[in-house]
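Residue strings, one per chain:
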Amino acid sequence: MSKLSLLFVSSEVYPFAKSGGLADVAHALPRALNAEYAVEVCMPLYSFIDRKKYKISKRSEHFDITIASEVHSVELYGCSCEGINYCFIYSPLLCEREFLYGTPEEGYADNALRFGLFAYAVAALLKEKQHEIVHLNDWQSALVTLLIKEDMSIKTKSLFTIHNLAYQGLFPRHALEALAIDSKHFTMDALEFYHQMSFMKAGIAYADAVTTVSKRYAQEILTPEFGCGLEGFLKHHEKKLSGIINGVDTEHFSPAKDKMLALAYDDLKGKAENKKASLKEIGLRGIKKPLFIFIGRFTWQKGVDLLLEALPSMAAFDCNIAILGHGEAGYTTKLEELAALHKNIHLSCIHDESLSHQMYAAADFLLMPSLFEPCGLSQMIAMNYGAMPLVHQVGGLKDTVVSYKDFDDKKEKGFGIAFKNPNLTAFLGAFEEALELFANKREYNKICRHNMLCDFSWDKSAQAYSKLYKKITHGEKS
Ligand code: ADP
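Worth saying up front: this structure is predicted, and the values here are computed from it rather than measured. (Residues numbered from 1 in each chain as written. Predicted model: local features only at pLDDT ≥ 70, side-chain atom pairs only at ≥ 80, totals over all residues. Heavy atoms only, no water.)

Some points on the pairing of strand E4 (residues 70-81)
Note that strand E3 (residues 57-67) and E4 share eight bridges and pair antiparallel. Bridged to serine 57 within E4 is glycine 78. Looking at chain direction, E4 and strand E5 (residues 84-90) are connected through seven bridges and run antiparallel. Its bridge partner lying in E5, leucine 76 is registered against isoleucine 89. (Pairing = 2+ DSSP bridges. Helix = DSSP H or I, 4+ residues; strand = E, 2+ residues; numbered from the N terminus.)

Below you can see the structure in the form of structure tokens.
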């Protein structure tokens, strides 16, 4: 029997373009499915992607896509990387940019048209190739579901994954005309969200199945606290909604074969060597002191306000703190001010994949006080690198980090320190608990050794996706 063909669509895929966890997922999940499906991964060919390095070449196919009487010439490019076939969509409008997304103030006011065009190009590809399944990710590719629905000649079944409900792809109403979408779709039970056009709602309304990236988040988004105004709409589509936890790419994030480290390691001795090398590199002193790291986007979601509030108290203890991230300018400035005041805080305001690996390898604890967290990968990566996560008990963090007080040696469970309420008292309480635990070397090492062996791979979750793909391909086009 021939394999079902799957087009996996994402606006970012590691190593070509990455702003966060979505790129990691789009890199790893297709690999985990490749044996069972004929997989092709589709993304924009942003101008900053190194075509030579990845041997990306032009394909013979191209599309002329007319949207609202404007003709856009779209070229297709391709490459094969680690056994996966990639299809890149190129048009100057979509791709000639410094950043992936950006705000209107940064000159990205045309994002609706950019990613609308991306969706049209994906639909044209589906029309030509008739993949059996298309797996769409986040608002940037959500509109594909509507275009499939409108074109009865496309037989493809769709699965839409919400990686973060807070980013919905909301645009002024006139985007509807600019994208030549029939105004009959501008209703509350379709694309309209408080007089704006929502890409995310298209994905939820028209996909054959909708997933999000942890079981807990799938429940949370049905509530006003986490539903970002879509809780009622999601509740209406609850029957096709499920949560599948993300995995970690164990090829890319494995301390035992990680070429980005000073020394690959599979025990705590090797980890200590990495800590020594990293502390020297970033100019922090004291190998014996616990090293806390924070790696993530500087946004409200990641609990940066709480981090800023807690840092002066944390820095007063005999420890080191290293922060890697980038994002909102206001947060960057405040973090820079704090780092300048405290010798034991090191700050890197960049996106640096190698440095992130080195920091996971060096760390004793990962700070992750996210206010909400659909899944979170950093906590799982940290555990596999022998660091203990200190997390707010929410979303995927709740599903993946069990309190060390409930320790047992089952390999599917990772242990850390979790706090219930995202406030200063709880966060500092967890921090002091971490210091205490670190002082009890035997106990601390036992947990970290266990975490290094935990299975956070994609195996089980890829099977769950496979089950869903089969379910939707057996149903009729709805
Ligand atoms: P999100 O997708 O919300 O940003 P996740 O925890 O799911 O958060 O995934 C974040 C991914 O991005 C992890 O692989 C993390 O190591 C990486 N990352 C975040 N910030 C940086 C940075 N400044 N430099 C390098 N990698 C980063």
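What about the nonpolar core?
Counting residues in hydrophobic clusters, the biggest one holds 178 residues, and the most contacted among them are Phe16, Met197, Phe292 and Ile323. Looking at this core, you find at least three residues from each of domain 1 (4-247 + 459-474) and domain 2 (268-453). Those residues in contact with methionine 197 that sit more than four places away from it in its chain are Leu143, Gly169, Leu170, Phe171, Pro172, Ala175, Leu176, Leu179, Ile181, Phe186 and Leu191. (Core = buried A, V, L, I, M, F, W, Y, C linked by side-chain atoms within 4.5 Å. Buried < 20%, exposed > 50% of the residue type's maximum accessible area, 1.4 Å probe, protein only. Domains from an automatic or database assignment. Contact = heavy atoms within 4.5 Å.)

Quick word on the pattern of salt bridges
Counting across every chain of the model gives 21 salt bridges. Put simply, glutamate 177 and arginine 173 hold a salt bridge, and the shortest N to O gap is 2.6 Å. Among the residues examined, glutamate 177 registers a relative accessible area of 43% and is labelled partly exposed. When salt bridges with common partners are traced through the structure, they connect Glu40, Arg59, Glu61 and Lys129 into a single cluster. (Salt bridge = Lys/Arg side-chain N within 4 Å of Asp/Glu carboxyl O.)

Focus on the sheet that holds strand E11 (residues 209-212)
In spatial order, the strands read E3-E4-E5-E2-E1-E6-E7-E11-E12; together these nine strands make up an open sheet with mixed pairing. Each end of this open sheet is capped by a strand with a single partner; those strands are E3 and strand E12 (241-243). For this sheet, the mean angle separating the axes of adjacent strands, direction not counted, is 25 degrees. The pairing of strand E1 (residues 4-9) with strand E2 (residues 37-44) spans six bridges and is classified as parallel. Its bridge partner being in E2, leucine 7 is matched across the sheet by glutamate 40. Docked against the sheet, helix H3 (residues 111-129) engages E1, E2, E3, E4, E5 and strand E6 (133-137), running at close to 115 degrees with respect to E3. (Axes fitted to C-alpha atoms, helices over the stretch in contact; angles between N-to-C directions.)

A short note on the site of the ligand
Among the 23 residues in the neighbourhood of the ligand, the closest are listed as Gly21, Asp24, Arg297, Ile350 and Tyr360. Between the ligand and lysine 18 there is a distance of 3.1 Å, counted from an oxygen atom to a side-chain nitrogen or oxygen. At 2.6 Å from an oxygen atom of the ligand is found a side-chain nitrogen or oxygen belonging to aspartate 24. In the complex, 94% of the free accessible area of the ligand, which totals 570 Å², lies under the protein chains. (Near = heavy atom within 4 Å. Polar contact = N/O pair within 3.5 Å; in protein donor to acceptor, adjacent residues only side chain to side chain. Areas by Shrake-Rupley, 256 points an atom, 1.4 Å probe, with all protein chains shown as cover.)

Quick look at the sheet that holds strand E14 (residues 320-324)
Read across the sheet, seven strands follow the order E15-E14-E13-E16-E17-E19-E18 without closing on themselves; strand pairing throughout is parallel. Only two strands of the sheet have a single neighbouring strand rather than two, namely strand E15 (345-348) and strand E18 (401-403). Within the sheet, the average angular offset between the axes of one strand and its neighbour, ignoring direction, is 30 degrees. Pairing of E18 with strand E19 (residues 414-419) involves three bridges; the strand directions are parallel. The residue of E19 that forms the bridge with valine 402 is phenylalanine 415. Sitting on the sheet, helix H10 (residues 304-315) is in contact with strand E13 (291-295), E14, E15, strand E16 (365-368) and E19, with an inclination near 155 degrees to E14.

A short note on the packing of helix H9 (residues 268-282) against helix H12 (residues 353-362)
Running from N to C, H9 and H12 point in directions that differ by 125 degrees, and their axes come no closer than 7 Å. Classified by the angle their axes make, H9 and H12 are oblique. Two packed elements cross with a definite hand, and for H9 against H12 that hand is left-handed. Residue-level inspection shows Lys271, Asn274, Lys275 and Ser278 of H9 in contact with H12, the latter providing Gln358, Tyr360, Ala361 and Ala362. Taken together, the residues of the contact of H9 with H12 break down into three nonpolar, three polar and two charged. (Parallel < 35°, antiparallel > 145°, perpendicular 65-115°, else oblique. Left-handed = near helix turned anticlockwise from the far one by under 90°. Nonpolar A, V, L, I, M, F, W, Y, C, P; charged D, E, K, R; others polar.)

Brief notes about the packing of aromatic side chains
Each aromatic ring pair is specified by the distance between its two centres and by the angle formed by the two planes. The full count for this structure, using the stated rule, is 29 aromatic pairs. Considering the side-chain rings of phenylalanine 16 and phenylalanine 88, the 5.1 Å spacing of their centres and the 85 degrees angle between planes classify their relative orientation as edge-to-face. Residue phenylalanine 16 is found in the loop between E1 and helix H1 (21-33), and its partner phenylalanine 88 is found in strand E5; the two are separated by 72 residues along the sequence. Residue classification places phenylalanine 88 among the buried positions, given a relative accessible area of 0%. (Phe/Tyr/Trp six-rings, centres within 6.5 Å; stacked < 30°, edge-to-face > 60°.)

A short note on H1
With 13 residues, H1 extends 18 Å between its outermost C-alpha atoms, agreeing within 8% with the 18 Å of an ideal straight helix rising 1.5 Å per residue. Judged by how many residues are buried, H1 sits mostly within the fold: eleven of 13 residues are covered. All of the buried residues along H1 are Leu22, Ala23, Asp24, Val25, Ala26, His27, Ala28, Leu29, Pro30, Arg31 and Leu33. Looking at the buried positions of H1, the neighbouring elements they touch are E1, E2, E4, E5, E6 and helix H17 (459-474). (Expected span 1.5 Å × (residues − 1).)

Re the domain arrangement of the chain
With domains assigned, the chain is organised as domain 1 (4-247 + 459-474) and domain 2 (268-453). Centre-to-centre separation of domain 1 and domain 2, based on C-alpha positions: 32 Å. Taken together, the 20 residues of domain 1 in the interface contact 19 residues of domain 2. Of the roughly 1400 Å² buried where domain 1 meets domain 2, counting both sides, 60% is carbon and sulfur surface. It is Lys18, Arg216 and Ile245 in domain 1 that bury the most area against domain 2; as a group they hold 27% of the surface buried on that side. Where domain 1 touches domain 2, the interface holds eight residue pairs in polar contact (both at pLDDT 80 or more). (Buried area = accessible area lost by both parts, 1.4 Å probe.)

Here's the deal with the environment of lysine 410
Along the chain, lysine 410 falls in the loop between E18 and E19. By relative accessible area, which is 47% here, lysine 410 ends up partly exposed.

A closer look at the side chain of threonine 145
Within the fold, threonine 145 resides in helix H4 (residues 139-150). Residue threonine 145 is classed as buried on the basis of its relative accessible area, which comes to 1%. Polar side-chain contacts of threonine 145 include one of 2.7 Å to the backbone oxygen of alanine 142. Dropping the residues within four chain positions of it, threonine 145 is found in contact with Leu136, Ser158, Ala202, Gly203, Tyr206 and Ala207.

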